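Fold and geometry: a report
Okay, here's what each chain looks like letter by letter:
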Amino acid sequence: MVNKVLIGLAGVVLLSAVSVGVIIGSQLDGGLASAPTETPTESQGNIETATATPAPATATKTATPVRTERRTSISPSRFNETAISTYVATYLSDARAAEGIDRFETGGRTAKRVEAMAQGHSEAMAEARNAAHTIDGVTSAERYENHDLTQYCEFKSAEHSYIETPRRNRFEAVGATVAGQTYEANGETQFNANDSAVAQAIVNEWLRSDTYRERLFLDNAERLGVGVVVTDDGDVYATANICG
């Protein structure tokens, strides 16, 4: 009987020991095990996304075509009437010198009076839009008379056989051309780009005329007066008067 009791107590003790061991083992396992560490996950807003920034485009210089236009007109205001008159007188003297004839005088008192008369006639032609010797019924001979130049301007012929006189209406040359615009003359397109070109065009026309060439090349004609007018639309009117 006693043995049964002892055996029962021993079983209880053994069960208690086993239970205590299990409890201690469980506690030891819980202390040594590493708890899963929560890896913090960054929110999408905190993640910097590397964005490739394109390099700025390099500007390519493209040659811009420069349009060049052929000049077809020049303002009439760019032309100088006095300069044209001076060129006309010079070119006429050059032509006379080439033929062995004395050059014209343009600077004396009488020559300036002749120049004023020529200028007045060019202004009348410009107003009438007509290059002619007679404007408003006034002839070349009458202009010399009206300016008290008839007797001052008479001179002996080259042969000294007679007197050259303005009364015969042969002391004058008149003409017209265009300044700064293309125009047709002698079957060709012409363009006078400056004062000297305008003057040359006028003189060339006079020298092509047998009548004017004879007048302008009279041996004993010593003085010359030239008048030129350039209108607002580029028309040019010119007068040349000779004097002994």
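Notes on the structure in this doc start here.

Thresholds applied
- Residues numbered from 1 in each chain as written.
- Predicted model: local features only at pLDDT ≥ 70, side-chain atom pairs only at ≥ 80, totals over all residues.
- Heavy atoms only, no water.
- Helix = DSSP H or I, 4+ residues; strand = E, 2+ residues; numbered from the N terminus.
- Buried < 20%, exposed > 50% of the residue type's maximum accessible area, 1.4 Å probe, protein only.
- Areas by Shrake-Rupley, 256 points an atom, 1.4 Å probe, with all protein chains shown as cover.
- Patch = residues over 30% accessible without salt bridge, like charges linked within 9 Å, V, L, I, M, F, W, Y side chains within 5 Å.
- Salt bridge = Lys/Arg side-chain N within 4 Å of Asp/Glu carboxyl O.
- Lys, Arg positive; Asp, Glu negative; His and termini not counted.
- Charge placed at Lys NZ, Arg CZ, Asp CG, Glu CD.
- Expected span 1.5 Å × (residues − 1).
- Contact = heavy atoms within 4.5 Å.
- Phe/Tyr/Trp six-rings, centres within 6.5 Å; stacked < 30°, edge-to-face > 60°.
- Lys NZ or Arg CZ within 6 Å of the ring centre and 35° of its normal.

Some thoughts on the overall build of the chain
Along its length, the chain carries seven helices and seven strands. Among the 244 residues that make up the chain, the fraction classed as buried is 34%. Entry remark: accessible area of the chain is about 16000 Å², with carbon and sulfur atoms responsible for 51%.

Concerning a negative patch on the surface
Taken together, D102, E105, E159, D219 and E222 make up a surface patch of like negative charges. Inspection of the secondary structure assignment puts E105 in the loop between α2 (81–98) and α3 (109–128). Residue E105 is classed as partly exposed on the basis of its relative accessible area of 37%.

Topic: helix α6 (residues 195–208)
Here α6 is 14 residues long and its end C-alpha atoms lie 20 Å apart, about the 20 Å a rise of 1.5 Å per residue gives. In this fold, the buried residues of α6 make contact with α2, β3 (172–178), β4 (182–185), α7 (210–216) and β7 (235–243).

Structural notes on the environment of V198
Checked against the element boundaries, V198 lands in helix α6. With relative accessibility at 0%, the residue V198 sits in the buried group. Aside from chain neighbours lying at most four places away, what touches V198 is F79, I84, T177, A179, N192 and V236.

A closer look at the packing of aromatic side chains
Applying the stated criterion to the full structure yields three aromatic pairs. Ring centres of Y144 and F171 lie 6.0 Å apart, and the angle between their planes is 85°; on these two criteria the pair is classed as edge-to-face. Pair noted here: Y144 is in helix α4 (residues 140–146) and F171 is in the loop between β2 (163–164) and β3, with a separation of 27 residues, a long-range link. Given the relative accessible area of 1%, F171 is considered buried. Through pairs of rings, three or more aromatic residues link up here, namely Y144, F155 and F171. Above the plane of the ring of F104 lies R96, whose end atom (NZ or CZ) is 4.1 Å from the centre. Taking NZ or CZ as reference, R113 lies 5.0 Å from the ring centre of Y152, over its face.

Focus: the pattern of salt bridges
Summed over all chains, the structure comprises eleven salt bridges. Measuring nitrogen to oxygen at the nearest pair gives 2.6 Å for the salt bridge that ties R170 to E164. We classify R170 as buried; its relative accessible area is 12%. Assessed through its relative accessible area of 2%, E164 is described here as buried. Where R170 meets E214, a salt bridge forms, and the shortest distance between an N and an O atom there is 2.9 Å. In this pair, R170 is assigned in the loop between β2 and β3 and E214 in helix α7, connecting sequence segments 44 residues apart. A single network of salt bridges, built from pairs that share partners, joins E164, R168, R170 and E214.

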